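Here is what each chain is made of, one letter per residue.
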Amino acid sequence: MTPLVRSVRSADTLTRDALAVLQPGFTGTTAPDWLLRRLGEGLVSVGLFGRNVADPAQLAALTGRLRAEREELIVAIDEEGGDVTRLEVRGGSSFPGNHALGAVDDTALTRAVAREIGRRLADCGINLNWAPSADVNSNPGNPVIGVRSFGADPQLVARHTAAYVEGLQSAGVAACTKHFPGHGDTAVDSHHDLPRIAADLPTLQERELVPFRAAVAAGTRAVMSAHILLPALDGEHPATLSPAALHGLLRAPATEGGLGFDGLIVTDGMEMQAISATYGIERGSVLALAAGSDAICVGGGLADEDIVLRLRDALVRAVRDGELPEQRLADAAARVRALAGRIRSADVGEEPAPAPGIGLTAARRALRLTAAGPYAPLAGPAYVAAFTPLANIAVGDETPWGVAAELARLLPGTETATCTAEAAAAAGTAALVDGLLTAAAGRRLVAVVRDVHRHPWMAEALRTLLAARPDTAVVEMGVPQAPPQGALHLATHGAARVCAQAAAEALTDRRLSPGDC
């Protein structure tokens, strides 16, 4: 009978370990029964998204209910601040993102902003943040990083990544620095396809890896891998599935050219097309664990019990079939449980004091103004033309952007029109702009763009509009790569709500009252 007892015990251990390495999501603002049940069976982590958030009180109640089932629990969220926000997904972030903080280049400010983000997360019961982005935005055409990066200079990105990690973790929230080994030189969004970075190993060491070394030195609790192919490291597997990238580079000691990271390695979302379309989610998850990942992030798109059971069973089956060493799964599960225990008992020292208004202060400091000549501030209702690109999946299309709402607070009666690539193609640029001029009816015009350098249709429409109305003010809310245009050009370095507030203040030469912030 002894072998039978051992087999049953082994099966139970395997199942619990397989559940432990998953970071799944769910739908709704309350915890579903299936999720609570799996917490009792060994699940250690839960990922939250904008769909799970109504307000801070609801969120605190939700995380409290989850911890009633499992006290040592990792509750993770993607709260970068700036364009990528889940706490304020329907209203826009109270904090500028990385690009704005990099533009200011005050590490004390970055540390303070991250600490305040951490304080708000901790108050809601969240203890792991899938942030910061440590990507060096070396390719200005990057469709998915952009303003999520502190900038294009590796040293600048490194010092602000370290400051963000320190600030966030000083509030008791673990940082998950991403997207290792660096997603900044890609021209493809890994949500849709597998990007390839052609840089050689010396370039990676001198550029992409510099901020990750700084994050490790600052004590980041976790690192998130990227679904990108780097032939200099591994010509076959993307980093998330590559032993050379994870075990051989991220884990390797510094004496061997590695980063010596001993914390939790988390995958980027496994349902992203860079993995799922090539390997399938189950196979990809097995390969990720075998390569050195410890936690499988899934739930942004697939968020039900079925995906949890599919991945659990795939991992157990891989161990039994000899594709995944049992000890590798056990070690990964142990790392997850260790982090859950560590951040539960973390001594953060003095509880962070609230820092109201720090986000708007940072956004004001990040604003860059270029005037073609004397520019009179807006004094009456304006007309805002928002040239709107398709939002990438990381940002999502729920979060509002632009300056019209903030301008309307200061100048009631301000109106706006949204212009898209589809509208420009259907009507033609000249007709689109004529429509804007007619609707503006002589009012002052404000054109709002986002990464105009990446969108030829947007650049053409803006040129046409400025030719007809050279007194137009232009607000660039993406990466300000294109030369400044317009009677007044404002670069906000991001599209967070506070960036819009800072721009509205500059356009009107008025400051919003504290109650409006």
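Data block above holds the structure.
Residues numbered from 1 in each chain as written. Predicted model: local features only at pLDDT ≥ 70, side-chain atom pairs only at ≥ 80, totals over all residues. Heavy atoms only, no water.

Right, let's get into the overall build of the chain. When you go through the chain residue by residue, the secondary structure sums to 19 helices and 14 strands. Taken over C-alpha atoms, the radius of gyration comes to 24 Å for the chain, in line with the 24 Å a tight globule of 517 residues would show. Principal-axis analysis of the C-alpha atoms places the extent of the chain at approximately 90 × 45 × 45 Å. Across the chain, every contact between residues at least 6 apart in sequence was considered, and the portion connecting residues at least 24 apart equals 77%. The centroid of the 46 positive side-chain charges in the chain is displaced by 3 Å from the centroid of its 58 negative side-chain charges. (Helix = DSSP H or I, 4+ residues; strand = E, 2+ residues; numbered from the N terminus. Rg over C-alpha atoms; globule rule 2.2 N^0.38 Å. Contact = heavy atoms within 4.5 Å. Lys, Arg positive; Asp, Glu negative; His and termini not counted. Charge placed at Lys NZ, Arg CZ, Asp CG, Glu CD.)

Our focus in this paragraph is the sheet that holds strand β14 (residues 488–491). One open sheet accounts for six strands, arranged β9-β14-β13-β12-β10-β11; its pairing is mixed. At either end of the open sheet lies a strand with only one pairing partner, and these are β9 (368–371) and β11 (415–419). Strand-to-strand twist of the sheet, defined as the mean angle between neighbouring strand axes without regard to direction, takes the value 15°. In this sheet, β14 lies alongside strand β13 (residues 473–476) in parallel orientation, the contact comprising four bridges. Bridging across to β14, glutamate 476 finds its partner in alanine 491. Contacting β10 (383–387), β11, β12 (445–449) and β13, helix α18 (residues 456–468) crosses the sheet at an angle of about 165° to β12. (Pairing = 2+ DSSP bridges. Axes fitted to C-alpha atoms, helices over the stretch in contact; angles between N-to-C directions.)

Quick look at the packing of aromatic side chains now. If you walk through the whole model with that rule in mind, you get three aromatic pairs. With a centroid separation of 5.8 Å and an interplanar angle of 45°, the aromatic rings of phenylalanine 49 and tryptophan 130 are classed as tilted. In this pair, phenylalanine 49 is assigned in the loop between β2 (45–48) and α3 (56–69) and tryptophan 130 in the loop between β4 (128–129) and α6 (154–170), connecting sequence segments 81 residues apart. Under the relative-accessibility criterion, phenylalanine 49 is labelled buried at 15%. Aromatic pair phenylalanine 180 and phenylalanine 212: ring centres 5.3 Å apart, planes at 90°, arrangement edge-to-face. Taken as a pair, phenylalanine 180 in strand β5 (residues 174–180) and phenylalanine 212 in helix α8 (residues 209–217) lie far apart in primary sequence, 32 residues in all. In this structure, phenylalanine 180 and phenylalanine 212 share a single accessibility class: buried. Positioned above the aromatic ring of tyrosine 375 is the side chain of arginine 444, whose terminal nitrogen or guanidinium carbon lies 5.0 Å from the ring centre. (Phe/Tyr/Trp six-rings, centres within 6.5 Å; stacked < 30°, edge-to-face > 60°. Buried < 20%, exposed > 50% of the residue type's maximum accessible area, 1.4 Å probe, protein only. Lys NZ or Arg CZ within 6 Å of the ring centre and 35° of its normal.)

We now examine the pattern of salt bridges. Using the criterion set out here, one finds 33 salt bridges in the structure. As a salt-bridge pair, glutamate 305 and arginine 38 come within 2.5 Å of each other at their nearest N and O atoms. In this pair, glutamate 305 is assigned in helix α12 (residues 305–320) and arginine 38 in helix α2 (residues 33–41), connecting sequence segments 267 residues apart. Residue arginine 469 is joined to aspartate 471 by a salt bridge in which the shortest nitrogen-to-oxygen separation is 3.0 Å. Residue arginine 469 is classed as buried on the basis of its relative accessible area of 16%. The exposure class assigned to aspartate 471 is partly exposed, which follows from its relative accessible area of 31%. One salt-bridge network, held together by shared partners, links Asp78, Glu80, Arg86, Arg148 and Lys178. (Salt bridge = Lys/Arg side-chain N within 4 Å of Asp/Glu carboxyl O.)

Another point: the side chain of glutamate 88. Assignment of secondary structure puts glutamate 88 in the loop between β3 (74–77) and α4 (98–104). Among the polar contacts made by the side chain of glutamate 88, one reaches the side chain of arginine 497 at a distance of 3.1 Å. Ignoring anything within four residues of it in the chain, the contact list for glutamate 88 reads Ser93, Ser94, Arg120 and Arg497. (Polar contact = N/O pair within 3.5 Å; in protein donor to acceptor, adjacent residues only side chain to side chain.)

Our next topic: helix α19 (residues 497–508). For α19, built from 12 residues, the straight-helix expectation of 16 Å at 1.5 Å per residue is met to within 8% by its first-to-last C-alpha distance of 17 Å. Within the sequence span of α19, burial applies to Arg497, Val498, Cys499, Ala500, Gln501, Ala502, Ala503, Ala504, Glu505, Leu507 and Thr508. Where the residues of α19 are buried, they touch α14 (358–366), α15 (404–410), β12, β13 and β14. One or two steps after α19, the chain reaches aspartate 509, where phi turns positive at roughly 55°. (Expected span 1.5 Å × (residues − 1).)

Quick look at the sheet that holds β2 now. Paired through their backbone hydrogen bonds, the strands of a sheet run either parallel or antiparallel. A sheet is described by the order of its strands in space; here six strands give the open sequence β2-β3-β4-β5-β6-β7, paired in parallel fashion. With partners counted over all chains shown, the strands left at the sheet margins are β2 and β7 (264–266), one partner each. Its contacts with the sheet put helix α13 (residues 326–344) on β2, β3, β5 and β7, and the angle it makes with β3 is roughly 90°.

Attention shifts here to the pairing of β12. Counted residue by residue, β12 has five buried out of five residues, so it is predominantly covered. Both faces of β12 are covered, namely the face carrying Leu445, Ala447 and Val449 and the face carrying Val446 and Val448. As judged from the four bridges shared by β10 and β12, these two strands associate in the parallel manner. Directly across from alanine 385, in β12, lies its bridge partner alanine 447. In this structure, β12 lies alongside β13, joined through four bridges in parallel fashion.

Among the secondary structure elements, alanine 171 is positioned in the loop between α6 and β5. For the pair formed by alanine 171 and proline 352, sequence separation is 181 residues and the distance between their alpha carbons is 6.1 Å.

This next bit is on the environment of alanine 152. Residue position: alanine 152 is located in the loop between β4 and α6. The exposed category is assigned to alanine 152, whose relative accessible area is 51%. Between the alpha carbons of alanine 152 and asparagine 139 there is a distance of 8.1 Å; along the sequence they are 13 residues apart. Ignoring sequence-local partners within four residues, the contact set of alanine 152 consists of Val136 and Asn137.

A separate point is the packing of α6 against α8. In contact at an axis separation of 8 Å, α6 and α8 are set at 25° when each is read in the N-to-C sense. Relative to α8, the element α6 is oriented roughly parallel. The element α6 and its partner α8 pack so that their crossing is right-handed. Contacts from Pro154, Gln155, Val157, Ala158, Thr161, Ala162 and Val165 of α6 reach α8 at Val210, Pro211, Ala214 and Ala215. Classifying every residue of the contact of α6 with α8 by side-chain character gives nine nonpolar, two polar and no charged. (Parallel < 35°, antiparallel > 145°, perpendicular 65-115°, else oblique. Left-handed = near helix turned anticlockwise from the far one by under 90°. Nonpolar A, V, L, I, M, F, W, Y, C, P; charged D, E, K, R; others polar.)

Right, let's talk about the nonpolar core for a bit. Core analysis: the biggest nonpolar cluster contains 86 residues, and Leu22, Leu48, Leu66, Trp130 and Val266 have the highest contact counts within it. In this structure, leucine 66 is in contact with Ala31, Leu35, Leu36, Leu39, Val46 and Leu73, ignoring residues within four places of it in sequence. Core analysis: the next-biggest nonpolar cluster, separate from the first, contains 29 residues, Ala363, Leu407, Val446 and Leu490 among them. (Core = buried A, V, L, I, M, F, W, Y, C linked by side-chain atoms within 4.5 Å.)

Without other data, these values stay purely geometric and don't point to any function.
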